[in-house]
Amino acid sequence: MTSPSPSSPSWLALLALVVLASSVTCLPSHGGRHSHRPRDPPSAEPAHHSDRGCRTREPGTSERAAVRQRINAHWRGRGRRALSDEPQLSIPIIFHVIHKGNTGKLSQARINQQMDVMNEAFKGTTDADGVDARMQFTLDAVNYISNADWYDNCDARDTTIKNQHTVQPDKYLNVFTCSGSGYLGWSTLPEDGNEAAKMHAVVVGDGTLPGGSGSYGLGDTLVHEAGHWFGLLHTFGQNSCSESQGDGVDDTPAEQSAAYGCPANRDTCSGSGKDPIWSFMDYTDDACMNRFSVGQVERMRNMLNTYKPNFVAANTVGVASTTKASTTTTTT
């Protein structure tokens, strides 16, 4: 029998079936919001590792140990309680939209979609194994800032921008959008000084909000950076399988390096389980990451209680009343 030539229809059909089968097996099943959104084809890890580009600093080993010791002491001091016993938080978000003319001037519709993504992610409705963090987010204000230099160079201008525009970070989650300056986003960590310091804010590239293009355009970058703001670290830690250099969470398997694309069955640290490519705190595509673990949610709540007590008190449902910061404005 003569083998079909590479250009014959039968050969091309067979090749198409092989490609389709390989793409299906690479992608883990997901429920919730990702199941009905268009997604880029999953892939093995690309040769270059700058895709997600989170600029949030990576604490050293001694800082990780000190933070864990402090939150454990706080936990013991008040008595351990279940997640279901944590108070419900209603967290007001202020969006500061830095733009250059119409470039980066996000519509209200995209901001509203981003709010939906945040609420679904922290409610745990994005996957069957999702965990309710007992945090609800409300849009308090949108502040439009027309500044071409800030838009293009928000990384270098970070301190200036936040000093001028961050509003009461011990009450509000301030979110700045800009070009990203080559990054997808960044955030401060709770231990980075007094909780009222104006540096405590999140920055994301405007292309990462829902409606953006590419693998990171479904809105999960803000979920990822808010996770940092609430105290989570990257699942791959300091690129080591050592627990002391990890993310400080017991139920996320150790991971030696960041994962990209959606590499199912990836296992970089033998004996601890497959890499947590599903976690919002890895570097996988938005369509791949879909939940926080129980341990991650516990850490967020413990970090808030330890390092941001005024924020918790101001936003506990049924206890605090938050004065509105502003209405939607345009700043030049």
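Before any of the text, the structure's been laid out above.
This write-up is about the structure you can find in this document. Every value quoted in this text rests on a predicted model; they were computed, and no experiment measured them.

Some details on the environment of Ala121
Within the secondary structure, Ala121 sits in helix α3 (residues 108–123). A sequence separation of 170 residues divides Ala121 from Arg291, and the C-alpha atoms of the two residues are 6.5 Å apart.

A short note on helix α6 (residues 220–229)
Within α6, 10 of the 10 residues are buried, which leaves it mostly tucked inside the rest of the structure. Among all positions in α6, only Asp220, Thr221, Leu222, Val223, His224, Glu225, Ala226, Gly227, His228 and Trp229 are buried. Positive backbone phi, approximately 115 degrees, marks Gly231, located one or two places after α6.

Quick look at the pairing of strand β5 (residues 202–205)
Look at any regular strand and the pattern is simple: side chains alternate between the two faces of the sheet. Of the two faces of β5, the one carrying Val202 and Val204 and the one carrying Val203 and Gly205 are both buried. Bridge count for strand β3 (residues 173–178) against β5 is 4 bridges, and the pairing is parallel. Bridging across to β5, Val175 finds its partner in Val202. Pairing of strand β4 (residues 185–187) with β5 involves 3 bridges; the strand directions are antiparallel. Considered in β5, the bridge of Ser187 is made with Val202.

Regarding the packing of aromatic side chains
One pass over the full model with this rule turns up 10 aromatic pairs. With a centroid separation of 5.7 Å and an interplanar angle of 80 degrees, the aromatic rings of Phe122 and Phe230 are classed as edge-to-face. With Phe122 in helix α3 and Phe230 in the loop between α6 and α7 (294–307), this pair connects stretches of sequence that are 108 residues apart. Judged by centre distance (6.3 Å) and plane angle (35 degrees), the rings of Phe137 and Phe230 are tilted. Remark: Phe230 occurs in the loop between α6 and α7 and Phe137 occurs in strand β2 (residues 135–146); sequence separation between them is 93 residues. For the pair Phe137 and Phe230, one class covers both residues: buried. Three or more aromatic residues joined by ring pairs make a cluster, and in this case those are Phe122, Phe137, Trp229, Phe230, Phe280, Phe292 and Phe311. When the ring centre of Trp229 is taken as reference, the NZ or CZ atom of Lys308 above it lies at 3.8 Å.

Cut-offs used in this document
- Residues numbered from 1 in each chain as written.
- Predicted model: local features only at pLDDT ≥ 70, side-chain atom pairs only at ≥ 80, totals over all residues.
- Heavy atoms only, no water.
- Helix = DSSP H or I, 4+ residues; strand = E, 2+ residues; numbered from the N terminus.
- Buried < 20%, exposed > 50% of the residue type's maximum accessible area, 1.4 Å probe, protein only.
- Pairing = 2+ DSSP bridges.
- Phe/Tyr/Trp six-rings, centres within 6.5 Å; stacked < 30°, edge-to-face > 60°.
- Lys NZ or Arg CZ within 6 Å of the ring centre and 35° of its normal.

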